[in-house]
Amino acid sequence: MRAVSTLAQFVAADTAPKILLLLALLVSIFGIGMVVFSRRNRATNKPQTSQRISQQPSQVTRVTEVQSTSKSAINPTIEKDLSVRNRLSKIRSTFAGAITTALTSSSITQQTWDDLEEALLRADVGVASTARVLAPLRELVKTKKITQPSDLMSALQNEMTAQLSQNSRELIFDSSLGTPNIWLVVGVNGAGKTTTIGKLSAQQHAIGRSVLLAAGDTFRAAAGEQLETWASRSGAEIVRGAEGGDPSSVIFDGVARATSRKIDLVLADTAGRLQNNTNLMEELAKVRRVADKGSGKVTEVLLVIDATTGQNGLTQAKQFSLATRVTGVVLTKLDGSAKGGIVFAIETELQIPIKLVGLGETINDLVKFDPSEFVSALFD
């Protein structure tokens, strides 16, 4: 028995390594087989995948084209429209709310007209402009072409747009002169003249015109310093005079330098004037005369009005126009608490176009005035 046991141990000791080796060999063969099988499977499926992709290139291209078209279709005008609409939210909440309240009745009555008049007057449209806007609507109601208050709302919006669509709003630049164009910028203190000049300088430089700033507001040291900052930002030259000096001489010197250096445009700042001060307005008229006598030509006189001043802005426009022959208005701070109706008063009563509006502090916030966009932003 001991001999049998010893023999079994010997066989086991001799066979165990062989069995382990055999198992290792089988595992290796199995692993190699799996790798080969996997590769064959990928090789078999790869042409099918390639075929699916090759059958759909036009669809992938179309998606890319749609994405590209969507990006290119973002119209700057639409972007600006959204910006204007957003910036006029304060005006819209006041104006549209009053108009909507006036037109909530079930029929058009005398009370409807009274409410509309009150709403327009509260919005600073002015007495004369309000009458001018409502007159065609009264006729439409009288002839039964409008019978519902809801239709009157649409007609009012169309009429207000039409009232503002009769003037040219292009900034006047005469490239045939051969001498500098001069744009005088006038207005009362605090309206935003200096900032407007800085933004105009940057915008004009961006379209390829050389610009010189004439710091004619010699009575406010900060004005000259502000213009120097804007000049450095926009790549413009600047001419300054002595503090308290003659504004006319500064502008004359600026035009002379612009002429000698063949600069396209002179943007002339003028001292802030109170429109009810006769002496100051006469001095401003002198600035205009001196600018006209130089080697350049005044092609624009831009009156800067703070939109929050309401009907006082109409008085400013009348007086400044008499002194300097204003050709266009820049309405600033329209994104604030302004009521907006001053636009209609200036345009319809004085026939002076609103050319630019300020909607904020950055350069891009000075934009061309668009009547339909403005009225639409008031209602929608």
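Participant: What exactly am I supposed to notice about the overall build of the chain here?
Facilitator: Helices and strands together make up the secondary structure of the chain, namely 14 helices and eight strands. The proportion of buried residues among the 380 residues of the chain is 41%. Long-range contacts, defined here as pairs at least 24 residues apart, represent 76% of the contacts in the chain between residues at least 6 apart. Here the chain has roughly 20100 Å² of accessible surface; of this, 55% comes from carbon and sulfur atoms.

Participant: Help me understand the pattern of salt bridges, please; the structure alone is not making it clear to me.
Facilitator: Between side chains of opposite charge, pairing is possible as soon as their charged atoms come close. For the structure shown, the criterion picks out 11 salt bridges. One salt bridge in this structure joins K368 and E170, with 2.6 Å as the shortest N-O distance. Pair noted here: K368 is in strand β8 (residues 366-368) and E170 is in the loop between α7 (149-163) and β1 (181-186), with a separation of 198 residues, a long-range link. Looking at K368, the relative accessible area reads 40%, which means it is partly exposed.

Participant: Please clarify how the sheet that holds strand β5 (residues 297-306) should be interpreted in this entry.
Facilitator: Each strand in a sheet pairs with its neighbour through backbone hydrogen bonds, running either in the same direction (parallel) or in the opposite one (antiparallel). Spatially, eight strands are ordered β3-β2-β4-β1-β5-β6-β7-β8 in an open sheet, and the strand pairing comes out mixed. What marks the edges here is a single partner per strand, and that holds for β3 (237-240) and β8. Pairs of neighbouring strands in the sheet enclose a mean axial angle of 25 degrees, with direction left out of account. Strands β1 and β5 of the sheet are contacted by helix α12 (residues 312-324), whose axis makes an angle of about 160 degrees with β5.

Participant: Would you mind going over the confidence of the model for the chain with me for this structure?
Facilitator: Parts of the prediction with low pLDDT should not have their coordinates interpreted in detail. In this model, the chain carries an average pLDDT of 76, and 72% of its residues clear a pLDDT of 70 or more. For the chain, the element scoring lowest by mean pLDDT is helix α2 (residues 57-72), at 29; β1 scores highest, at 94. Taken as a whole, residues 41-82 scores under 50 in pLDDT and shows six contacts with residues more than four places along the chain or in a different chain.

Participant: What is the right way to look at the packing of aromatic side chains in this model?
Facilitator: Aromatic ring pairs: the centre-centre distance and the angle between the two ring planes describe each pair. For the structure shown, the criterion picks out two aromatic pairs. Look at F344 and F374: their rings are 6.3 Å apart centre to centre, the planes differ by 45 degrees, and that puts the pair in the tilted class. Remark: F374 occurs in helix α14 (residues 371-379) and F344 occurs in helix α13 (residues 342-350); sequence separation between them is 30 residues. The same class applies to F344 and to F374, which are both buried. A centroid spacing of 5.3 Å and a plane angle of 55 degrees characterise the contact between F369 and F374, whose relative ring orientation is tilted. A relative accessible area of 2% places F374 in the buried class. An aromatic cluster of at least three residues, connected via ring pairs, comprises F344, F369 and F374. Directly above the aromatic system of F173 lies the positively charged group of R209, at a separation of 3.8 Å from the ring centroid.

Participant: Is there a simple way to explain the pairing of strand β2 (residues 211-216) in this structure?
Facilitator: Regular strands place side chains that alternate from one sheet face to the opposite one. When you tally the buried positions in β2, you get six out of six residues, the bulk of the element. Looking at chain direction, β2 and strand β4 (residues 265-270) are connected through six bridges and run parallel. Each bridged residue has a counterpart across the sheet, and for L212 the counterpart in β4 is V266. Note: β2 against β3, four bridges, orientation parallel. Within β3, the residue paired with A215 across the bridge is R240.

Participant: How should the packing of helix α5 (residues 110-122) against helix α6 (residues 127-142) be read in this particular structure?
Facilitator: In a pair of packed helices, the angle between the axes and the distance between the axes together describe the arrangement. Interaxial distance between α5 and α6 falls to 10 Å at its minimum, and their mutual angle equals 150 degrees. One element, α5, and the other, α6, form an angle in the roughly antiparallel class. The handedness of the crossing between α5 and α6 is right-handed. Here W113, L116, E117, L120 and L121 of α5 lie close against α6, whose contacting residues are V127, T130, L134, L137, R138 and V141.

Participant: I would appreciate a short explanation of the pairing of β4 in the present structure.
Facilitator: Within β4, six of the six residues are buried, leaving the element largely enclosed by the surrounding structure. What you see with β4 is no split at all: L265, L267 and D269 on one side and V266, A268 and T270 on the other are buried throughout. Sheet analysis places β1 next to β4, joined by five bridges and oriented parallel. Each residue of the ladder has a partner; that of N181, found in β4, is L265.

Participant: Help me understand α6, please; the structure alone is not making it clear to me.
Facilitator: Given 3.6 residues to a turn, an α-helix orients residues that are three or four positions apart in the same direction. Here α6 is 16 residues long and its end C-alpha atoms lie 22 Å apart, about the 22 Å a rise of 1.5 Å per residue gives. Along its length, α6 shows its largest kink, about 30 degrees, at L134, and proline P136 lies within four residues downstream of that point. The complete set of buried residues in α6 reads S129, T130, V133, L134, L137 and V141. Considering only its buried residues, α6 is in contact with α5, α7 and α13. After α6 finishes, the residue K144 shows a positive phi value of roughly 65 degrees.

Rules behind the numbers
Residues numbered from 1 in each chain as written. Predicted model: local features only at pLDDT ≥ 70, side-chain atom pairs only at ≥ 80, totals over all residues. Heavy atoms only, no water. Helix = DSSP H or I, 4+ residues; strand = E, 2+ residues; numbered from the N terminus. Buried < 20%, exposed > 50% of the residue type's maximum accessible area, 1.4 Å probe, protein only. Contact = heavy atoms within 4.5 Å. Areas by Shrake-Rupley, 256 points an atom, 1.4 Å probe, with all protein chains shown as cover. Salt bridge = Lys/Arg side-chain N within 4 Å of Asp/Glu carboxyl O. Pairing = 2+ DSSP bridges. Axes fitted to C-alpha atoms, helices over the stretch in contact; angles between N-to-C directions. pLDDT = per-residue confidence, 0-100. Phe/Tyr/Trp six-rings, centres within 6.5 Å; stacked < 30°, edge-to-face > 60°. Lys NZ or Arg CZ within 6 Å of the ring centre and 35° of its normal. Parallel < 35°, antiparallel > 145°, perpendicular 65-115°, else oblique. Left-handed = near helix turned anticlockwise from the far one by under 90°. Expected span 1.5 Å × (residues − 1). Bend = angle between axes of the 7 residues up to and from the residue.

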